[in-house]
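Each chain is listed here by its residues.
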Amino acid sequence: MTGIGPLLLDALDRHPERVALRQGGTELTYAATARAVHDLAARLAAAGLGPGDTLVQLRGNDPAQWITAAACYVAGVRVCSVAPGSLPPAELARRLELIGPSVVVTAPEPVAGAGCGAVRRWVVDGSGVPARPADRAGHARPDPAGVPAGGAGASAGGSGVPAGGSADLAAAGPVGVPAAGPDRIAARLAFTSGTGGTVKGVDLSGAALGAVATMCAEQLPWPQRPVVVCPEAVSGGFGNMVLPVLLHGGTFVLPARSGVDGLVQTLAAEPGAVLALMPPLLRSLLADPRTGGLPVPRLVLYSGDDLAAADTAALRAWGDPGLCGVFGQVEVPKTIALALPAVHCTGTGPGLGTPFAGTRTRLVDLAGHDVTGDGPGELWVSGPTVLTGYAFGAPDPFDGGWVRTGDVCRRDDDGRLQHAGRVEDVLTDGPAPLCPPAVEAALRAATGVPAAVLRGRDGGTVVVAAGRIEPRTAAAVLDGFGLVADRVVGRDGGLPRTPMGRFDRRALEREHR
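Rules of the game
- Throughout, a residue's number is its position along its own chain's written sequence, starting from 1.
- The model is predicted, so local features are restricted to residues of pLDDT at least 70 and side-chain atom pairs to those at 80 or more, both for listing and for counting; the totals for chains, interfaces and linings are taken over all residues.
- Each side-chain value is worked out from all heavy atoms of the structure, with water and hydrogens disregarded.
- The numbering of helices and of strands both runs from the N terminus, where a helix is a DSSP run of H or I of at least 4 residues and a strand a run of E of at least 2.
- Burial classification: accessible surface area is computed with a 1.4 Å probe over protein chains only, and a residue below 20% of its type maximum counts as buried, one above 50% as exposed, and the rest as partly exposed.
- The contact definition used throughout considers only heavy atoms, calling two residues in contact when any of these lie within 4.5 Å.
- Areas reported as accessible are Shrake-Rupley estimates using a 1.4 Å probe. Residue values count occlusion only from the protein chains shown.
- Strands qualify as paired when DSSP identifies two bridges or more between them.
- Inter-axis angles, ranging from 0 to 180 degrees, are taken between N-to-C directions of lines fitted to C-alpha atoms, where helices are fitted over the stretch in contact.
- Here, a salt bridge means any side-chain nitrogen of Lys or Arg that lies within 4 Å of a carboxyl oxygen of Asp or Glu.
- Helix span, expected: 1.5 Å multiplied by one less than the number of residues in the helix.
- Handedness is read with the strands pointing away from the viewer; a crossover is right-handed when the path from the first strand over the helix to the second is clockwise.

Counting its regular elements, the protein chain contains 12 helices and 27 strands. Every one of the 513 residues in the protein chain was classed for burial, and the buried ones make up 53%. When contacts within the protein chain are restricted to residue pairs at least 6 apart in sequence, those whose partners lie at least 24 apart make up 61%. Surface accessibility of the protein chain: about 21,000 Å² in total, with carbon and sulfur atoms responsible for 52%.

Before going further, it helps to spend a moment on the environment of Leu 363. Inspection of the secondary structure puts Leu 363 in strand S19 (residues 360–364). Separated by 46 residues in the primary sequence, Leu 363 and Cys 409 have C-alpha atoms spaced 7.2 Å apart. Excluding residues within four positions of it along the chain, Leu 363 makes contact with His 369, Asp 370, Val 371, Gly 375, Gly 377, Glu 378, Leu 379, Cys 409, Arg 410, Arg 411 and Leu 417.

The subject of this paragraph is the sheet that holds strand S27 (residues 485–490). The strand order across the open sheet formed by three strands is S25-S26-S27, and the pairing between neighbours is mixed. Of all the strands in the sheet, the pair left with one neighbour each is strand S25 (451–455) and S27. Taken pair by pair, the neighbouring strands of this sheet meet at an average axis angle of 20°, ignoring direction. Against the sheet, helix H11 (residues 471–479) engages strand S26 (461–465) and S27, with an angle of about 135° to S27. This element, helix H12 (residues 505–512), spans S25, S26 and S27 of the sheet and lies at about 70° to S25.

Right, let's talk about the pattern of salt bridges for a bit. A complete count under the given rule lists 25 salt bridges for this structure. Linking Arg 94 and Glu 91 is a salt bridge whose minimum nitrogen-to-oxygen distance equals 3.0 Å. Linking Arg 94 with Glu 91, this pair stays in helix H4 (residues 89–99), spanning three residues, or about one helical turn. Overall, Arg 94 belongs to the partly exposed group, its relative accessible area being 38%. By relative accessible area, which is 18% here, Glu 91 ends up buried.

This brings us to helix H2 (residues 30–46). The first and last C-alpha atoms of H2 sit 24 Å apart over 17 residues, in line with the 24 Å expected at 1.5 Å per residue. Of all 17 residues in H2, 13 are buried; the element is thus mostly enclosed. Of the residues flanking the end of H2, it is Gly 48, one or two places downstream, whose phi is positive at about 90°.

The side chains of a regular strand alternate between the sheet's two faces. Most of strand S4 (residues 78–82) is tucked away: four of the five residues are buried. Pairing of strand S3 (residues 54–58) with S4 involves five bridges; the strand directions are parallel. Within S4, the residue paired with Thr 54 across the bridge is Arg 78. Note that the unit made of S3, helix H3 (residues 63–75) and S4 has a crossover that is right-handed.

Here it is, written out as structure tokens:
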């Protein structure tokens, strides 16, 4: 498959007059986006940056953020994107120290705790990206003459500017456009901690990212010339969806404001759009009383978690848009499994879906044997979209060429993967992994109280309930799974949860192990 640099340049060259990126009243055509990418890639090369260098950008969710990443792909510079405010200052400084970036890119506003110190700092100002104001009907006006393509400021290091200062590279004059970066070197560095809590740096090659875009473009049920509204940060997993939209000649739309308010405003202006988001924000949207008056999306593309029965019921009440689920990890972006719209109409839960064409999967028990039938096992993955390795934080997760995902799944009679839990949360020592969600569902059915089940320090089991439950009832439920309840703890104020809405097991372990 084609690497991401050549692939995105080819996509941008296909439809020069169409709108590629839109946010609020600002639109970028394919041609303007291509010029911005070419210009910034050339300036990166002119500044001496290339393979072996890392650019970290600390920017909000805007087209310039994606353009900066795209320019790095073309120039062969590894890029790492961090949303401002997403990390405490001390943690941000620690991660920058782990990465050792050649350049840190920020918005014009300073970023607290960035710890840029001895590295060059560039400023990419939104005014430096060629943009066209949209008229009231949403149509772009012709490009004004003389708008600068790209736009970046650089600072420190070899530029002769003191570290932490800034200087405008626009004065450097035009430079040649570099060839697309080598496909096999690391093109993106992303962070993950899974549910284990240890931050890992995930390296993804240009070839892997190109394969992600190609597989998503070819296998997802995109409408013709899609308009895709995405309220999620393009610095995260949904940034992988921009290029597939462009490969279909469509438009990627970012709300001008974060949260439900910005999403409601954008959906009102984009009838017939595809809505791409994670379940927590989808649930907030469905709970908002304004949603009933919005145009129903043509397709809801979700990722990050299963949809619950209550979610699908609320979507049907809204107007029954098509549903498509995409499952991946930071280590295998968006291309492990796919739940197409038809699967959501069967009346049974689609789970994670069936593997993408081109992705190979195995279920392996804790003794290292392949699982047959519908038994649980750790999901192992191989294919063109897997990570190159971990830059820091953990040994590489490979076993004989397979990536061990840490997810425990079952395979149902239709070949769909059903998520059961995580390897680090397994409650027993046998080869067949027993994960907490099955036990927790039985406890909830028996007691009516939400409860998390943790493995104790000495191999026993701790039950932490959001309220009071009878220890004998809890013991009877656990006995049915071959478990012994060492302690049953009632906790006031509910149970801590992750941003995806799952029990925060690491927080509970710190409290109750």
